[in-house]
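Tertiary structure, described
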Amino acid sequence: SAPRIMSSELPPRPPRVIRDASRDILYSRGRLLGKGGFARCYLVTEEYTGCHFAAKIITKQRVEKPGHRAKIEQEISLHRKLHHRHIVQFISSFKDENFIYIILELCNGQSLAHMLRSRKVLTETEVKYYLRQLISGLRYLHQCGVVHRDLKLGNFFVTDSMEVKIGDLGLATTLEPPEMRKRTVCGTPNYLAPEVLNKRGHGPEADIWSLGCAVFTMLAGRPPFSTSDLANTYACIRSGRFNFPPSLSHAARDLLTSALTPDPDLRASLLDLQSHPFLTQGFVPDRLPTSSHLSPPIFRTPSSAGRLLRKAAATIFRRKPRGSDIVDRHGDGGQKMLTSDMLKAGLNCASCQTGSNTEVCLRTDLSPTEDRESSERCTGERTIISSSSSSRRESSPTADVVGASMSALRVCLNKVPPGDQGSSKRRGLWVTKWVDHSNRLGFGYKLSDGSVGVLSNEGSHFRLLSDATTVQHQAEVGTATTFDLTSPPRHMTRVVATLRYFTQFMDQHLLEGVDAVSQRVERRSDEAIFLVQWVKTDRAVLMLFSNNTVQVNFYRDHTKVVVFGESKGGDKLLTFVNDRREASDYSAQQLGDSPHRALIRTRLAYALGLLIARPRAPT
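Summary of the structure given here. In this text the structure is predicted, and so the values were computed from the model without any measurement.

**Focus on the environment of Gly453**
You can see Gly453 is positioned in strand β16 (residues 452-456). Under the relative-accessibility criterion, Gly453 is labelled buried at 0%. Between the C-alpha atom of Gly453 and that of Leu464, which follows or precedes it by 11 residues, the distance is 6.3 Å.

**Regarding the side chain of Asp150**
On the secondary structure map, Asp150 appears in the loop between β7 (146-147) and β8 (156-158). Given a relative accessible area of 11%, Asp150 falls into the buried group. Within the structure, the side chain of Asp150 is placed 2.9 Å from the side chain of Thr188, a separation counted as a polar contact. Among all residues touching Asp150, those that are not within four sequence positions of it are Asn155, Leu171, Gly187 and Thr188.

**Here we look at the nonpolar core**
Within the largest apolar cluster, 59 residues are counted, with the highest numbers of intra-cluster contacts made by Leu112, Tyr130, Leu153, Phe156, Leu211 and Leu273. Both domain 1 (17-105) and domain 2 (110-285) contribute no fewer than three residues apiece to this core. With near-sequence residues (within four places) excluded, Leu112 lies in contact with Tyr130, Leu153, Phe156, Val158, Val164 and Met218. Counting 18 residues, the second largest nonpolar core, distinct from the first, contains Leu542, Val550, Val561 and Val563.

**Points about helix α1 (residues 66-79)**
Taking 1.5 Å per residue as the helical rise, α1 with its 14 residues ought to reach 20 Å, and the 20 Å between its terminal C-alpha atoms agrees with that figure. Buried residues of α1: His68, Ile72, Glu75, Ile76, Leu78 and His79, and no others. Residues of α1 that are buried in the fold lie against β4 (52-59), β5 (90-95), β6 (99-104), β7 and β10 (173-174).

**Describing the pattern of salt bridges**
In this structure the tally under the stated criterion is 13 salt bridges. For Asp24, the salt bridge is made with Arg19, and the minimal N-O distance between the two is 3.5 Å. Asp24 sits in the exposed class, given a relative accessible area of 58%. A salt bridge links Arg119 to Glu126, with the nearest nitrogen and oxygen atoms 2.8 Å apart.

Here is what the cut-offs are and how they apply
- One numbering rule holds for all chains: residues counted from 1, following each sequence as written.
- This being a predicted model, a pLDDT of at least 70 is required before a residue's local features are given, and a value of 80 or more before pairs of side-chain atoms are given or counted; all residues contribute to the totals for chains, interfaces and linings.
- As a convention, hydrogens and water are excluded, and side-chain values are obtained from all of the structure's heavy atoms.
- Each helix is a run of H or I in the DSSP string that is no shorter than four residues. Each strand is a run of E no shorter than two, and both are numbered from the N terminus.
- Throughout this description, buried means an accessible area under 20% of the type-specific maximum (1.4 Å probe, protein chains only), exposed means over 50%, and partly exposed covers the range between.
- Whenever two N or O atoms come within 3.5 Å, that pair is a polar contact, provided that in protein one can donate a hydrogen and the other can accept it, and provided that, for residues adjacent in sequence, both atoms are side-chain atoms.
- Every residue pair with non-hydrogen atoms within 4.5 Å of one another is taken to be in contact.
- The nonpolar core is taken to be a set of buried Ala, Val, Leu, Ile, Met, Phe, Trp, Tyr and Cys residues, with the residues joined through side-chain atoms within 4.5 Å.
- In this entry, domain limits derive from an automatic or database-based domain assignment.
- Multiply 1.5 Å by the residue count of a helix minus one, and that product is the helix's expected span.
- Criterion for a salt bridge: a side-chain nitrogen of Lys or Arg within 4 Å of a carboxyl oxygen of Asp or Glu.

Below, the structure is given as structure tokens:
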């Protein structure tokens with residue numbers, strides 16, 4: 001266990017800005033995610049890319065003894081070699097005068113322990129889903145010669161895409177032959193295997209026992225051997241004595257009995273568990289909804305014919321494949337710029353994924369002079385990561401909005417001469433946060449008046465206005481209905497749930513895309529503004545609204561350009577947000593005098609080229 005420290009000897013607080021001198025990378029420290037015996041875990045943001053990670057920070061003062069320091073070094077040595085979809089990814093480690101830092105993949109869904117505290121118990125269908133992934137990760141761990149030694153729900157971390165990953169290798173060790181294993185009793189009491197209590201050492205079998213305890217806990221809401229007295233708990237563990245809740249299926253009982261056999265030589269292997277009827281028979285979902293953090297998911301079990309028809313439809317219409325969530329935790333897409341180290345490591349974290357969508361390179365050197373100029377001013381080609389056009393028909397109103405926005409961009413471009421003050425009060429609404437959950441729900445965003453909107457994968461749009469009670473729903477462009485959030489029509493309950501999910505997610509996880517001081521906006525609670533289309537490339541995200549406003553957020557330097565569809569006396573209005581999150585407002589006539597005119601011009605040209613080359617859905 002960790003050495004006790006008196007209050008007068010409390011270590012210094014980690015710095016707000018953390019520097020990895022070996023790689024010349026700065027991280028800004030955010031909120032506390034959790035704490036353990038030696039370490040505290042914080043949310044950190046890489047300042048150059050905006051990527052979010054979890055930083056395990058160990059105070060050197062706590063690990064002064066050689067044995068303690070050796071444990072940390074072993075954890076780093078073992079973890080940095082592991083690369084698996086269901087193991088929390090190691091990014092880097094470094095130290096300074098007071099602390100040792102371990103930078104890890106961030107799993108925003110917290111842990112299965114957090115989920116169980118909210119849910120009390122999980123359904124067998126959910127447990128099957130998680131257990132398949134945990135077995136996959138644990139098999140890899142054992143194949144790499146690593147025994148975890150502290151498997152429990154608190155060390156199973158859930159990503160934004162509801163995948164589970166094994167983390168916290170603080171007690172992990174290399175796999176040794178039985179006669180050479182250390183006899184140390186370590187781990188979490190309710191999850192300890194009988195052979196560990198009997199000081200026969202940790203082997204793969206002990207990890208399987210702990211995994212069985214975790215499965216039982218998810219299904220029953222309590223550990224299998226938990227009692228009010230620790231000595232009695234250990235006695236129950238040694239004898240393998242526990243009681244099933246009456247609700248468990250025969251298959252679940254049989255799997256748990258095989259995993260919780262006291263004799264490790266008779267205990268099921270991971271291959272046995274993987275091929276057990278509990279996991280091979282019956283319905284197991286491909287994914288879980290994020291709502292299952294708080295409530296049991298509702299599944300419509302697909303028939304064989306239904307699956308076949310969906311596969312045929314996906315082939316015929318080339319529907320976008322399911323991809324990983326891409327979220328903008330700064331409200332400006334900074335997570336898209338991956339460091340070379342992360343790419344080498346094959347990082348697949350929720351905060352930095354590029355997704356699995358098919359990439360299409362589009363050239364924009366088109367024939368009209370103005371369009372060719374706009375293409376040449378930005379990169380010669382764009383990689384479309386994803387967009388809202390891949391599975392929907394493009395309506396005539398949408399095409400009209402695109403045409404009006406392109407016209408507005410050209411007006412502004414013509415006013416900005418090549419090369420490098422006045423300010424006009426910004427009018428209209430613009431996006432301060434966005435998140436792409438199009439692999440499950442759709443594309444969500446928050447506007448500068450505090451309203452939250454979602455463009456669903458089916459093409460309908462809904463928006464919770466700034467009064468936080470009025471919902472506008474638009475099934476197609478030009479037709480909108482309004483209802484109260486507290487008393488929605490029955491067929492709108494899913495819409496309300498989705499809006500609440502996006503609102504909560506962006507409030508809790510995303511920062512505003514501009515300093516609050518710069519957010520000057522005229523509040524308007526009833527204006528029917530809807531997101532018509534979005535396109536995401538490897539450089540930026542473009543959002544196009546029903547009032548002809550177009551906004552482009554660039555990942556690398558967090559700059560933004562907003563060209564408003566509204567006008568004053570026929571003059572277009574534009575807002576530019578620089579890399580310090582400072583907003584400046586211009587009329588088209590003032591753009592030529594802007595100190596940022598060269599940068600604004602390239603950004604406008606990129607946006608125009610992107611609109612020209614955007615993917616079109618079938619008409």
